[in-house]
Every structure is written in structure tokens, then in C-alpha cells.
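# Report on the structure
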Amino acid sequence: MEYDFDKIIDRHGTGSLKFDCAERRGKSKDLLPLWVADMDFPVPDEVVDALVNRSRHAIFGYTEPTDSYFEAVTGWLENHHGWKTNPRWYVLTPGVVFALAAAVCAFTEPGESVIIQQPVYYPFSEVVNDNGRKLVNCPLVYSNGAYSIDFDAFEHAVEQEDVKLFLLCNPHNPGGRVWSRDELRRLGDICNRHGVVVVSDEIHADFNRPGYEHVVYASLGEEYAQNSITCTSPGKTFNMASLQVSNIIIPNQKLRRTFRHSKTAFGYSQMNALGLAATEAAYKYGESWFLQLKEYLEGNYVFLKSFIEERLPQLTNVELGSTYLAWIDCRALGLDDNGLKHLVEDGAKLWLDMGDVFGPDGSGFIRINFATQRSVLEQALEQLESAVNGYLASRGE
Ligand SMILES: Cc1ncc(COP(=O)(O)O)c(C=O)c1O
């Protein structure tokens, strides 16, 4: 490998949410953080060069994406996902969560219903509740260690609650389900039948594991594309969340206008010039880095999976199709959410995302971000193992 993903780079003192904000968030300073979804790896050299070069120009006035920016982004989507997009379809936002909130405000009125599938990334419920809309949850079905969709329950909820908007997580976080063409089509058909606009959050699209194919929702066909908002971002793929660039792709002109109006109603217009420069360089030159990163992450996943099978047999790793976020069923330990949190934080000295933050359906699970150096991951799993063993010993097992 050209890049050394094993090399530890100290992130303390950079304002890192993971490494510098424990006490502010009510956590003990000595916890090893594997929670929020960013990676402990530096971006490709070409991205650093682009940032340095753009900085040297030293004028940071209002900036719009250029033709060359769109060539880079459309090229990535076409090469990696077989999806041809037109620069006219793009609306740029300073993040995907911003786009989810803008979509909620654009396509629903206060009090109207938005459907989500918990357990799901917690801002999905926040952008609905915080904007005074009605949250409708049609939970995923968890059975034999895998998640699926109850399509009848989904359609029933859409009808009963007069749902206007669906926030789809594609691939799903947490749980890492990569939705098949057939599953997406069935969801899309229900939404199209009932006039529900589909927002597909595809921020983790690039992380499909070997043997899994990411299907862009809007690529299913014209009738799906024309009723969709696709949220993409280099934030996860290239570890540049704080550079705050998301490309929101809306082929339908009417939906695009409504969405754009919502964005401007928030008071947001031009993007951050450094974010644009980094995004263009990442999509243009970052492929080789990304492919090596994926190989490294796959090694981490295989390591984590066998560690759990061999040394933590009380826990069940949910097989991931995508993302770098392991989702682990701890319910066999017989702990409630507080007890599990106590075991993770006070026993294992880890800062993880506890399953219940993703909705009640995530209760009893933990999410481990394994986009870190293998040695750090190993240390974290050993800490978890010793806390679990200590807990089992205290119960006389
Ligand atoms: C599904 C999903 N959507 C959106 C985000 C955050 O996107 P952004 O930082 O662009 O708002 C995350 C981050 O973890 C995520 O997992």
C-alpha cells in the first residue's frame, strides 16, 4: 500500500469532536472514542495540495462551483455508481443533515408526516421533530441477525398517516444494509403511488463491501428519479466532514426549485471556497487513496468480526454490507440501556454510540466506528472483552 493507514496521528488539540470534546459532552476524558462517523486518517495528498494552493491565492470572496468542479463530481458518480448526472440538477449545501432539514421544510407543512425507518441515524428524527413535523416510524425488521423491510407495514403507515416525505438511508446507518434494487423499487413504488417525495441519503454510498453493490435510488428509472432528492457528499468518503460540502441532486425542476427556495430561506447561498477546492481534488485525484482505504477498512472489519466471534461470543455482529460502522447486538448480556452504557463507558472505557440513540429499535445494540488504526481497534476490542468478562464474572458466569 502506498498509504500507511496504520500510522497514528494525534488528533488532540484540533477541536476534534471525538478527541477534544469528551468533557463538554459529559464524558470522562479517558474514554477511547469510536463513536461519531469520521475517520482517524488524513485525506489524500492531492486534497492537501489543493487546499494549500487555494489558500495561497489568499482571496476568499463569494465562490460558486466551476465547470471543472462539476466534471469531478459527475465523473465520480458515473464511474463509481454508473449514474449520469447533469450539473443543472445540483444544489450544494453545507452538509447532508442541512439538506435533510431543508427537504423537510421544503416538502411538508408543520404538522405533516415524514416517515423514517428506525433504528436510523439520529438526525433523521431530529430534523422532523425540531421542525414541528410529525414523525412516523416504520421500524426495520430484525430477524436472524439481519435487517429487512416490512413493505405492507410501510404502505399502511404511509396511508394511515398521510405521509408526505420519506427519509431513506441508502445504505442504512446503523446496520450497514445495502438495499437491493428490488427493495428500493418496492419502496419507491409505494411512495410514487401515494405522492410521497423520497429523500435518499447516500452519504455512505462508496463504502460497499466486496460482494455488495450500492444502487443509487434515482438510478432505478425516470419515475423514481423525478420524485427524488439524492444527498451525496465527499464528507465520509474522503474524511472531510468539516469542510462542509454536499452535492444534493434533484433531477425534477419543480422539486429542485422548491428545495432551493428552502435553502435560501435558511439564509444560505454560496459555499465555502476551501470546501469546493478540496471536493474537486478528492473526486478528481482521490480514487487510488480511496481504494486502498477500503482495503484497509475491510481488513479492520474482518478483524473485528472474528474478534467478536472468537472472544466475545455473547455478542452478535450484524453483517455489514456497507459503512465503517459495526453494529453489534448485545442483548444476550441481559442489560438495559443504562446498564449497557455503564459497561461500555465505565467498564470498557470506550466512547461509542449506544444503540438507543438511533431510536427505541436500537436498544441493546452498540455502534463501533472501526475507521481507525488496526492497533487502536484491537485495543478497544480488548477493553470491551475485559469489561464483558468482568461483568459475566460478577454474575457468576
Ligand atoms: C446517514 C448519514 N447522513 C448524514 C450524515 C452527516 O452528514 P453531514 O455531516 O454532511 O451533515 C451522517 C454522518 O454520520 C450519516 O451517517
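Quick note: structure is the one above.
Residues numbered from 1 in each chain as written. Predicted model: local features only at pLDDT ≥ 70, side-chain atom pairs only at ≥ 80, totals over all residues. Heavy atoms only, no water.

Right, let's talk about the packing of helix H2 (residues 45-57) against helix H11 (residues 273-285) for a bit. Axis separation between H2 and H11 bottoms out at 8 Å; the angle between their running directions is 145°. Remark: the crossing between H2 and H11 carries right-handed chirality. Here Glu46, Val47, Ala50, Leu51, Arg54 and Ser55 of H2 come into contact with H11, specifically with Ala273, Leu274, Ala277, Ala278, Ala281, Ala282 and Tyr285. Residue classes in the contact of H2 with H11 are distributed as ten nonpolar, one polar and two charged. (Axes fitted to C-alpha atoms, helices over the stretch in contact; angles between N-to-C directions. Helix = DSSP H or I, 4+ residues; strand = E, 2+ residues; numbered from the N terminus. Left-handed = near helix turned anticlockwise from the far one by under 90°. Contact = heavy atoms within 4.5 Å. Nonpolar A, V, L, I, M, F, W, Y, C, P; charged D, E, K, R; others polar.)

Further remarks concern the packing of aromatic side chains. Scanning the model with the defined rule gives 29 aromatic pairs in all. Relative to tryptophan 289, the ring of phenylalanine 238 has its centre 5.7 Å away and its plane inclined at 25°; by these criteria the two rings are stacked. Of this pair, phenylalanine 238 sits in the loop between helix H9 (234-237) and strand S10 (246-249) while tryptophan 289 sits in helix H12 (residues 287-311); the two residues are 51 residues apart in sequence, bridging distant segments of the chain. As far as the burial class goes, phenylalanine 238 and tryptophan 289 line up, both buried. A network of ring pairs unites the aromatic residues Tyr3, Phe5, Phe41, Trp76, Phe207, Phe238, Tyr283, Trp289, Phe290, Tyr296 and Tyr324 as a single cluster. Note that arginine 374 overlies the ring of tyrosine 296, its terminal NZ or CZ placed 4.8 Å from the centroid. (Phe/Tyr/Trp six-rings, centres within 6.5 Å; stacked < 30°, edge-to-face > 60°. Buried < 20%, exposed > 50% of the residue type's maximum accessible area, 1.4 Å probe, protein only. Lys NZ or Arg CZ within 6 Å of the ring centre and 35° of its normal.)

Let us look at the site of the ligand. As a structural note, the neighbourhood of the ligand is formed by Ala37, Gly95, Val96, Val97, Tyr121, Cys169, Asn173, Asp201, Ile203, His204, Lys236 and Ser246. Here histidine 204 contributes a side-chain N or O atom positioned 2.8 Å from an oxygen atom of the ligand. Burial of the ligand by the protein amounts to 88% of the accessible area it has alone, namely 400 Å². For the shell around the ligand, the class distribution of residues is six nonpolar, four polar and two charged. (Near = heavy atom within 4 Å. Polar contact = N/O pair within 3.5 Å; in protein donor to acceptor, adjacent residues only side chain to side chain. Areas by Shrake-Rupley, 256 points an atom, 1.4 Å probe, with all protein chains shown as cover.)

Right, let's get into helix H13 (residues 337-347). Every buried residue of H13 is listed here: Gly339, Leu340, Leu343, Val344 and Glu345. Of the surrounding secondary structure, the elements contacted by the buried residues of H13 are strand S13 (350-351), strand S14 (353-354), strand S15 (365-369) and helix H14 (374-394). Phi turns positive, to about 60°, at lysine 349, one or two residues after H13.

With twelve residues, helix H4 (residues 96-107) should cover 16 Å at 1.5 Å per step; its first-to-last C-alpha distance of 16 Å lies within 8% of that length. Burial of H4 is extensive: nine of the twelve residues sit out of reach of the surface. Among all positions of H4, only Val96, Ala99, Leu100, Ala101, Ala102, Ala103, Val104, Ala106 and Phe107 are buried. (Expected span 1.5 Å × (residues − 1).)

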